[in-house]
Amino acid sequence: MNSPNAGSAEPESFLPLTPAMFHILMALAKGESHGYAIMQDIETSTDGAFRIGPGTLYGSIKRLLASGWIAEVDERPDPNLDDERRRYYRLTGLGRQVAEAEAQRLVGMVRLARGAQLLGGSLIVGQGRAS
Amino acid sequence: MKQDTSVVIWSLRLFRMLLVLYPGAFRRDYGREMILVFRDTCRRTLHRQGVPGILDLWLTTVLDLFSTALIERLAEVNQMSAIALITRISGVVTAVGGVLLLILVYWQFVLDGIGETPAYLIPLYGLCIAIGVAGFYVLGQYESLGRLGLGLAFLGCVTVIAGWTLLFLFESELWWVIWMVGMAVSELGLVIFGWGAFKHRLLPRWNSLPLLAGGLVLAIHIAGVAALLSGSENNIYAALWLATNGLGWVALGALLMLGDKRAAYHTGAAA
């Protein structure tokens, strides 16, 4: 992966992303979230096929913050509703562009795989599986 | 319910301890959140899968922690200045030198010298400590007392290495004496450096440690030599001397490893 802080570089220049980074960006594309909720979202959306531990999660968050792809939300949640010690994160504009570029790249890969008849000519997406 | 709670509590305690694997800056930024995330994961896993689920969680968590801690450590090294890197490495080497001496003590006095005593550990120890002394020199800008102390300590280490190398090549009582003198000189150097560090607050923390370690070792050394000259049994002194020496250098190695992040260490304090 190229340097994420490369000024006005095209989103495509940062690709490919690590799976953990892409999953975190996808989770935050749905809205602001905290670490544990991101972990749960990833596990649920992949039907348990992809899980990340706290080290991978916060190592990735650290890099995503440094790249400017995500940002910390200043407002803290209502302590009655949630643990106020949690930090919330949101996707930035640049982060969305990079995530979209990565998604397009993966779509291209799937097309290639289908062309090579690795997907049996049909593609069914659902429950985190392709068959 | 009580058992469930204790499983989570002990898991969190262990998890907190394992966070030490990460660089300090990473721990400060994300340690608390990582604990929160792990706590919630533990609770949910225990609720859904019971204790076997917690064991499974630990397996994956340990792998995750070790691999990502290594990545963060490497990233930290990548961003370090040359001085910080040198002192960090010299700190590790110094601590290794102390451990080598402790191994020798264990071998010689606990195992009672079973088989061939690994005598090569002594010159290796000397080399490690010489690197550590050089690390202290690179790290700070010391006044004359500090420089004199480090110079003497380095000279003592070189003498220790030379004495043992010559001992391997030519069997003679003289080299034993040279080795002992080398050790004494390095201890004296450490005391002088330690006094300077203590007096001028040169170190970011544990300013009294070099003086304490050097003084204690030198005192035991002198007592041991006095006992030897008076013809009494000196095994206890020898074991205590070497063990204190080893422990002292392990602690000083840790001090070197911690010292590099304090910019003040390089500047005004030593003036």
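A brief look at the structure comes next. (Residues numbered from 1 in each chain as written. Chains lettered and ligands numbered in written order. Predicted model: local features only at pLDDT ≥ 70, side-chain atom pairs only at ≥ 80, totals over all residues. Heavy atoms only, no water.)

## Brief notes about the interface of chain B and chain A
Then comes step 1: In this complex, chain B contributes 20 residues to the contact, which on the side of chain A involves 21 residues.
Then comes step 2: Counting each side, the surface lost to burial between chain B and chain A is near 1800 Å², with a carbon and sulfur contribution of 51%.
Then comes step 3: Of all residues in chain B, the largest losses of buried area upon contact with chain A belong to Tyr30(B), Glu33(B) and Val37(B), amounting jointly to 31% of the total for that side.
Then comes step 4: Our count for the chain B to chain A interface comes out at five salt bridges.
Then comes step 5: Salt-bridge contacts for Glu33(B) lead to Arg87(A); the nearest nitrogen and oxygen are separated by 2.7 Å.
Then comes step 6: With 18 residues, the top contributor of residues to the side of chain B that touches chain A is helix α2 (residues 24-79) of chain B.
Then comes step 7: Residues of the side of chain B that touches chain A, tallied by class, amount to 10 nonpolar, two polar and eight charged. (Contact = heavy atoms within 4.5 Å. Buried area = accessible area lost by both parts, 1.4 Å probe. Salt bridge = Lys/Arg side-chain N within 4 Å of Asp/Glu carboxyl O. Helix = DSSP H or I, 4+ residues; strand = E, 2+ residues; numbered from the N terminus. Nonpolar A, V, L, I, M, F, W, Y, C, P; charged D, E, K, R; others polar.)

## Topic: helix α6 (residues 173-200) of chain B
Residues and elements named next belong to chain B.
Then comes step 1: Between its first and last C-alpha atoms α6 spans 41 Å; for 28 residues at 1.5 Å apiece the expected length is 40 Å, and the two agree.
Then comes step 2: Two or three places before leucine 174, at the opening of α6, serine 172 has a side-chain oxygen 3.1 Å from that residue's backbone nitrogen.
Then comes step 3: A positive phi of about 50° marks arginine 201, the residue just after α6. (Expected span 1.5 Å × (residues − 1). Polar contact = N/O pair within 3.5 Å; in protein donor to acceptor, adjacent residues only side chain to side chain.)

## Overview of the pattern of salt bridges
Then comes step 1: One pass over the structure, following the stated rule, counts 12 salt bridges over all chains.
Then comes step 2: A salt bridge links Glu72(B) to Lys62(A), with the nearest nitrogen and oxygen atoms 2.6 Å apart. Separated into two different chains, Glu72(B) in helix α2 and Lys62(A) in helix α3 (residues 54-67) make up a pair that spans both.
Then comes step 3: In this structure, the salt-bridge partner of Arg105(A) is Glu102(A), at a minimum N-O distance of 2.9 Å.

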